[in-house]
Amino acid sequence: MCFVQNTRGLRSQLKDSVPVTGLCPQAGPYGVQDSLRRGFSSVKNELLPSHPLELSEKNFQLNQDKMNFNTLRNIQGLHAPLKLQMEYRAARQIQRLPFLPSSNLALDTLRGTDDTIGFEDILNDPVLSEVMGDPHIMTEYKLGVL
Amino acid sequence: SRASRKRECRIMATVSVCQYHRGGFSFENCKRNALLEADINKLGFSSPAARKTGTTICGVVYKDGVVLGADTRATEGMVVADKNCSKIHYISPNVYCCGAGTAADTEMTTQIISSNLELHSLSTGRLPRVATANRMLKQMLFRYQGYIGAALVLGGVDCTGPHLYSIYPHGSTDKLPYVTMGSGSLAAMAVFEDRYRPNMEEEEAKRLVRDAIAAGIFNDLGSGSNIDLCVITKGKVDYLRPHDVANKKGVRTGNYRYKHGTTGVLAKTVTPLNLEVVEENVQTMDTS
């Protein structure tokens, strides 16, 4: 499951209608956009992506994982993706404090991306980001106190 | 109160609290760029063009291996940006890749694939294959749906023999005995179609590639300057840069500088300037 993308598993993923996720206004706790935390919303900004690749890039890793799990299920049975997903969930929980960048080493090793280099390692590396979220606000948000 | 207002400002400032900061391409400025471009076009100007390689690149499979050839001109719109750029990129010790299209795209793509192939070969413990590089390139280019403008000619010799692929920006590939790419590809292909035959000798193959690139250089505005060749055989790579300087820059025949003594000296007066030190102050450099 490393750099080689599972392009033949696409047939198992094709459906009639593909829901577009990630672009509609993310509803806060009261059903409308949380202006305080996410800023002002504009209908035009949310309806269409600003670049044709934006959506596909945002969901790329997710779609790859889905396809791989589907193929794995077809080959080895339901238990295989279930066990792997459990390991993924456990690995995803190994994080540093919310405002510090985590290396996600366990997750990378599981996915097989620890020995590949892509644009996500070169461009916009979160480790080299010049701004940091406010530590107090971010920990409060994480703990649900905010 | 003032404390709560200050807190609200901090909350607004950390809008990124909820979003996980991921690496890779960022599309934040796309809308702004589109608006700027529309405004500029309304005023009648045009936005700056990306540097392309407007190229002739080609490759041919001969008896013992693969010969890759490229010209050396990089253009930026209608201006030559680089008179001697290197278009044959290293992918692995036995695989080289010529790149046409947007110069930055070909450069970065080949570097990324080269790194990935190195990691892969360390992990497998074997010399990498041309087909592996081809598949990596094609999957990456397809993922970006042709927005990465890199048209490549990939060639090399591995344990299964010599191979040559051409890879288009949208991700389609062709495995052929002779390929050409770039704006001068038609001129180069004409030469290939006329004189190619299977299992050529090395000298004949080099001459054929040199002539094909020369056809591209002299008949296409986007290609020019010198001809680079790369001959890959089992265990040996000959990177001939430049193999042939097809366009030599002219040598200046005259000189406008006059020799010493051309103008006769009639009289000479020397006035020494006596300078005295009035004030001296030392400022230490802040090296902390």
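The model shown is predicted, which means the values in this text are computed figures rather than measured ones. (Residues numbered from 1 in each chain as written. Chains lettered and ligands numbered in written order. Predicted model: local features only at pLDDT ≥ 70, side-chain atom pairs only at ≥ 80, totals over all residues. Heavy atoms only, no water.)

S.K.: Looking at this structure, how should I read the side chain of serine 225 of chain B?
M.R.: All names here are of chain B. By the secondary structure assignment, serine 225 is in the loop between α6 (202–219) and β11 (227–233). With relative accessibility at 11%, the residue serine 225 sits in the buried group. In this structure the side chain of serine 225 is engaged in a polar contact, spanning 2.8 Å, whose partner is the backbone oxygen of lysine 83. Each residue touching serine 225, except ones within four places of it in the same chain, is listed here: Thr72, Arg73, Lys83, Ile217, Ala246 and Asn247. (Helix = DSSP H or I, 4+ residues; strand = E, 2+ residues; numbered from the N terminus. Buried < 20%, exposed > 50% of the residue type's maximum accessible area, 1.4 Å probe, protein only. Polar contact = N/O pair within 3.5 Å; in protein donor to acceptor, adjacent residues only side chain to side chain. Contact = heavy atoms within 4.5 Å.)

S.K.: Mind showing me how you'd approach the UniProt feature "active site" (unreviewed entry) in chain B here?
M.R.: Residues and elements named next belong to chain B. The feature "active site" (unreviewed entry), as annotated in UniProt, sits at Thr55 in this numbering. Relative to the helices and strands, threonine 55 is located in the loop between α2 (30–43) and β1 (57–61). Since its relative accessible area comes to 1%, threonine 55 is described here as buried. With near-sequence residues (within four places) excluded, threonine 55 lies in contact with Asp71, Lys87, Gly99, Ala100, Met181, Gly182, Ser183, Gly184, Asp220, Gly222 and Ser223. (UniProt positions renumbered as here; feature names shortened; annotations may be inferred.)

S.K.: Can you help me understand the UniProt feature "domain: Proteasome beta subunit C-terminal" (unreviewed entry) in chain B in this one?
M.R.: As annotated by UniProt and renumbered to match this structure, "domain: Proteasome beta subunit C-terminal" (unreviewed entry) occupies residues 246–282 of chain B. The span residues 246–282 of chain B carries 0% helix and 0% strand; its end-to-end C-alpha distance comes to 59 Å.

S.K.: Would you take a moment to explain the nonpolar core for this structure?
M.R.: Nonpolar side chains in soluble globular proteins tend to end up buried together. Residue and element names in this part refer to chain B. Among the nonpolar cores identified, the biggest contains 23 residues, and Ile91 and Leu154 are the most heavily contacted of them. Going through the elements one at a time, β6 (95–101), α3 (103–124), α4 (130–143), β7 (150–158) and β8 (161–167) are the ones with two or more residues in this core. Take this core: its biggest share by element is 6 residues, from α4. In contact with isoleucine 91, not counting residues within four places along its chain, are Tyr96, Cys97, Thr110, Ser114, Leu117, Ala133 and Leu154. If you look at the next biggest cluster of nonpolar residues, it comprises 21 residues, including Val60, Ala188, Met200 and Ile217. (Core = buried A, V, L, I, M, F, W, Y, C linked by side-chain atoms within 4.5 Å.)

S.K.: What should I look at first to understand the packing of helix α4 (residues 60–76) of chain A against helix α5 (residues 79–92) of chain A in this one?
M.R.: Pairs of packed helices are described in terms of their axes, by the angle between the two and the distance that separates them. All names here are of chain A. Viewed as axis vectors pointing N to C, α4 and α5 meet at an angle of 140 degrees, and their least axial separation amounts to 7 Å. Residues Asp65, Phe69, Leu72, Arg73 and Gln76 of α4 form the contact with α5, whose participating residues are His79, Ala80, Pro81, Leu84, Gln85 and Tyr88. Looking at the contact of α4 with α5, its residues break down into 6 nonpolar, 3 polar and 2 charged. (Axes fitted to C-alpha atoms, helices over the stretch in contact; angles between N-to-C directions. Nonpolar A, V, L, I, M, F, W, Y, C, P; charged D, E, K, R; others polar.)

S.K.: Sorry, what's going on with the pairing of β8 of chain B here?
M.R.: Regular strands place their side chains on alternate faces of the sheet. Residues and elements named next belong to chain B. Judged by how many residues are buried, β8 sits mostly within the fold: 6 of 7 residues are covered. Where β7 lies against β8, 7 bridges are found, and the strand directions are antiparallel. Across the sheet, residue valine 153 finds its bridge partner in β8, namely serine 166. Hairpin connection of β7 to β8: 2 residues between the antiparallel strands. Here 3 bridges tie β8 to strand β9 (residues 173–175), and the two strands are oriented antiparallel to one another. (Pairing = 2+ DSSP bridges.)

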